[in-house]
Amino acid sequence: MTIENLSASKSFGGWHKQYSHQSKTLNCPMRFAIYLPPQVSNGEKVPVLYWLSGLTCTDENFMQKSGALRMAAELGMAIVAPDTSPRGDDVANDEGYDLGQGAGFYVNATQAPWNRHYHMYDYVVNELPQIIEAAFPVSDKRAISGHSMGGHGALTIAMLNPERYRSMSAFSPICNPVNAPWGKKAFTAYLGKDKATWHNHDASNLMRRATTFIPAKVDQGGSDDFLKEQLKPEALEAAANINNYPLELSIHEGYDHSYYFISSFIEEHLRFHAKHLNK
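Just so you know, these numbers come straight off a predicted model, no measurement behind them.

Q: Just to check I follow, could you spell out the overall build of the chain for this structure?
A: Along the backbone of the chain there are nine helices and nine strands. Against the 2.2 N^0.38 benchmark of 19 Å for 279 residues, the chain shows a C-alpha radius of gyration of 17 Å, consistent with a compact globule. Projected onto the principal axes, the alpha-carbon positions of the chain cover approximately 50 × 40 × 35 Å. In the chain, which comprises 279 residues, the proportion classed as buried is 59%. Total accessible area on the chain stands at roughly 11,300 Å², and carbon and sulfur atoms take up 46% of it. The average position of the 25 basic charges and that of the 29 acidic charges among the side chains of the chain differ by 5 Å.

Q: Help me understand the nonpolar core, please; the structure alone is not making it clear to me.
A: In globular proteins that are soluble, nonpolar side chains generally tend to be buried together. One finds Ile 144, Met 168 and Tyr 190 to be the most contacted residues of the largest nonpolar core, which totals 68 residues. Apart from the residues within four sequence positions on either side, Tyr 190 is in contact with Leu 99, Gly 100, Ala 103, Gly 104, Phe 105, Val 107, Ala 109, Thr 110, Gln 111, Trp 114 and Tyr 118. Membership of the second largest hydrophobic core comes to 24 residues, among which are Tyr 259, Phe 265, Ile 266 and Ala 274.

Q: Quick question: what am I supposed to make of the side chain of His 276 here?
A: Tracing the sequence through the fold places His 276 in helix α9 (residues 259-277). When its relative accessible area of 10% is taken as the criterion, His 276 is described as buried.

Q: Mind showing me how you'd approach the layout of surface pockets here?
A: Where empty space is left becomes clear once a probe the size of a water molecule has been rolled over the atoms. Approximately 180 Å³ is the volume attributed to the largest pocket. Taken together, 14 residues line the largest pocket, and the ones lying closest to its centre are Leu 55, Thr 56, Cys 57, His 147 and His 257. Each residue belonging to the lining of the largest pocket can be placed in one class, and the counts come to six nonpolar, seven polar and one charged.

Cut-offs and rules
- Residues numbered from 1 in each chain as written.
- Predicted model: local features only at pLDDT ≥ 70, side-chain atom pairs only at ≥ 80, totals over all residues.
- Heavy atoms only, no water.
- Helix = DSSP H or I, 4+ residues; strand = E, 2+ residues; numbered from the N terminus.
- Rg over C-alpha atoms; globule rule 2.2 N^0.38 Å.
- Buried < 20%, exposed > 50% of the residue type's maximum accessible area, 1.4 Å probe, protein only.
- Areas by Shrake-Rupley, 256 points an atom, 1.4 Å probe, with all protein chains shown as cover.
- Lys, Arg positive; Asp, Glu negative; His and termini not counted.
- Charge placed at Lys NZ, Arg CZ, Asp CG, Glu CD.
- Core = buried A, V, L, I, M, F, W, Y, C linked by side-chain atoms within 4.5 Å.
- Contact = heavy atoms within 4.5 Å.
- 1 Å grid on protein atoms, 1.4 Å probe; cavity = no way out; pocket = protein on both sides within 12 Å on 5 of 7 lines; lining within 4 Å.
- Points joined across faces, edges and corners; volume = space filled by probe spheres on them.
- Nonpolar A, V, L, I, M, F, W, Y, C, P; charged D, E, K, R; others polar.

Read these as layout, nothing more, since geometry by itself doesn't imply function.
Here it is, written out as structure tokens:
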């Protein structure tokens, strides 16, 4: 696999870099960002946190806005942020911001025209980690986190692959997409009208029936405009209570859906992951 370095910026003694590569899984060029903490200069292989961003975002939003790099440098943790979907002139798209390019929803599409490129689940679970672990001084100790659509992706991917991740977390995740407008629109387009195929990509459903538990942390803003209609953290909390799932769920009054919220609590999430990655 050939990857091309697009940019490099030193930060907190480590390096933030962007790369592009031709993805076999997505059948198009893809871009990702990686932060390598200063510990790698000593020959250490460091654990990796995979960050999945939300609707309309790219690999850049989290790296530039979250304030995570200082703590990642202190904890000796790499962060990898892929784009949120395949992109390109020949990649299917939609006029809405919540479908198509920028809105891959971290599933493998089975319906035309989306099934030619939209296999973000396989990309995040398999292809991207293979590239990262072959090209950079990182270990196979992985955690996963994300925001909104990316929070949905982080929780569902981790619960579907508990052997691959030490911990999972999310900010403002779409907790019950089978009952939310964003999820219904995306799943109908990508997966078809048979709702039985949707449930493997619903965090609340997966948490309710999980048999292998992964430590989970979720933070939600109490003044989030999308809270009631789209995000539904109460469904995730109910599922955790039914199954005694180890979920830390906190509602923070006054906070919204933005990166002001994420940057306020990102240190707690990174410390949470570091605790489990270092066991």
